[in-house]
Every structure is written in C-alpha cells, then in structure tokens.
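# Architecture and fold: a report
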Amino acid sequence: MARFQRPIRALAALPAPVRWLSLPLGLLACSALLFQSWGTWQPPLTATAPTGAVAGYCQALEKALPGAIEGHQRTTPDPSPYVAVWNSAPRTVLRCGVPRPKALRDVKNQESTGPNVNDVQWLLEKDGHGGYRFTVTLRLAYVEVSVPANAYPNYSDPLSSVSDAVKATVPDLSGQLGGTDDPSS
C-alpha cells in the first residue's frame, strides 16, 4: 500500500476538475493503445499444398514473381513456398495453388468479367475488410492475390507485375504459356 501513497498524494494536490477527469482520460488512453496495437487487418498467410502439375506451376511462379511491387519489397514467409508477401502497409499476399473460389460456383460470377490485366483474367471479390481478393480464373492453377485496403493508391496496382509472372509460368486452359485469357481476341 505504501507504493501508492505518493501517486495518491500527487493526485490529491490537483484541482478537483482535473482529478475528476483523470480516471476517464486514463481509461481512454489505455483503450487507444489497445486499439492501436490491433492495427489494420492483414491478409492471412494460410499455407497451400498444391500437388502434381499445379505444384510445378507454383514453383515456377514463385521464381518469376517480382522482388518488389510499387516499391514494396517481397518476402517469403515460413508457412509455404507457395506463399509470397510484399511489405506494403498492410501487406499484400499471393497464394498459389488455392482451391477453386466458391464464388465461381455461381454462374453469374463465371460470366462476369473481372479485370483482365496483361492478358490474365482475374476474379474480383471484396475481402470483407475494405480490400480485395483477386483470383486467376482461366489458368491451370488458381493464384490468389489479397490486396488490403489502403495498401496501394489503386487496389489493382499489384496485378500488372503479378500478371506477367502468371502468364509466363501458369499455362492457360489450353495448356499454352504466354497465351491471352481474353476470349474476344
């Protein structure tokens, strides 16, 4: 109890309005620190485990991915060699060999056109946290890129660098590398 004597005397020496506000302000400061430590939502680094030919495409893609996107350096996290991360704030995550997106079960989503970037077709989905998840659709392996809110000036900025690597390493549905996913061409 002796260790609290000095702070109690210091608090008692303050004018009454300051004493009354000290507890609410202290709680507010603690809450602010707690919320700040939670930070911004980050895409998960869930490991993938592709097999067969898909694993080979993912290994080739991993080697072809850019070392930086929009000035953000790339790192390879521990969970899987099929996951790549760029240190944007918040981080951008690529996962190769993911399962077919559930959104593609809906015929409407299959017929809608997401962005076609550098001849690679992407399915666009909101991630539920203000960002977007893009998944390659017309290739022999599904590649997912999670772009959180505020990671880039334009949410699709990472796709041009990643699309070039996908086009060079993951064959289209006809088995060709470097082909276009644009059905009108």
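Residues numbered from 1 in each chain as written. Predicted model: local features only at pLDDT ≥ 70, side-chain atom pairs only at ≥ 80, totals over all residues. Heavy atoms only, no water.

Right, let's talk about the pairing of strand β2 (residues 72–75) for a bit. For strand β1 (residues 68–69) and β2, the ladder comprises 2 bridges, and the chain directions are antiparallel. Pairing of I69 across the sheet is with H72, part of β2. Hairpin connection of β1 to β2: 2 residues between the antiparallel strands, including E70 at a positive phi of 50°. The pairing of β2 with strand β3 (residues 83–86) spans 2 bridges and is antiparallel. Opposite R74, over in β3, you have W86 as the bridge partner. (Pairing = 2+ DSSP bridges. Helix = DSSP H or I, 4+ residues; strand = E, 2+ residues; numbered from the N terminus.)

Take the packing of helix α3 (residues 52–64) against helix α5 (residues 157–169) next. Two elements in contact, α3 and α5, have axes whose closest approach is 9 Å; the angle formed by their N-to-C orientations is 140°. Classified by the angle between their axes, α3 and α5 sit oblique to one another. In this structure, α3 meets α5 at a crossing whose hand is right-handed. Contacts between α3 and α5 involve Y57, A60, L61 and A64 from the former and A165, V166 and T169 from the latter. Here the residues of the contact of α3 with α5 are counted per class, giving 6 nonpolar, 1 polar and no charged. (Axes fitted to C-alpha atoms, helices over the stretch in contact; angles between N-to-C directions. Parallel < 35°, antiparallel > 145°, perpendicular 65-115°, else oblique. Left-handed = near helix turned anticlockwise from the far one by under 90°. Contact = heavy atoms within 4.5 Å. Nonpolar A, V, L, I, M, F, W, Y, C, P; charged D, E, K, R; others polar.)

In this model α3 runs 19 Å from its N-terminal to its C-terminal C-alpha over 13 residues, within 8% of the 18 Å that 1.5 Å per residue would give. Those residues of α3 that fall on the buried side of the exposure criterion are A55, C58 and L61. Buried positions in α3, seen along its axis, are confined to an arc of 125° and lie on one side of it. Relative to its buried face, α3 has exposed residues pointing more than 90 degrees away, namely G52, A53 and K63. Buried residues along α3 sit in contact with β4 (92–96), β8 (143–147) and α5. (Expected span 1.5 Å × (residues − 1). Buried < 20%, exposed > 50% of the residue type's maximum accessible area, 1.4 Å probe, protein only. Arc of directions from axis to C-beta.)

Put simply, the chain has an average pLDDT of 80, and 75% of its residues get 70 or more. Per-element mean pLDDT across the chain ranges from 51 in helix α2 (residues 16–38) up to 94 in α3. This stretch, residues 29–39, has a pLDDT under 50; its non-local contacts, to residues over four places away or in other chains, come to 0 contacts. (pLDDT = per-residue confidence, 0-100.)

One pair of aromatic rings is described through two measures. These are the centre distance and the angle between the planes. If you walk through the whole model with that rule in mind, you get 3 aromatic pairs. Their ring planes at 35° and their centres at 6.4 Å tell us that Y132 and F134 sit as a pair that is tilted. Of the residues examined, F134 reaches a relative accessible area of 0% and is grouped as buried. Here the aromatic residues Y132, F134 and Y155 are joined through ring pairs into a cluster of three or more. (Phe/Tyr/Trp six-rings, centres within 6.5 Å; stacked < 30°, edge-to-face > 60°.)

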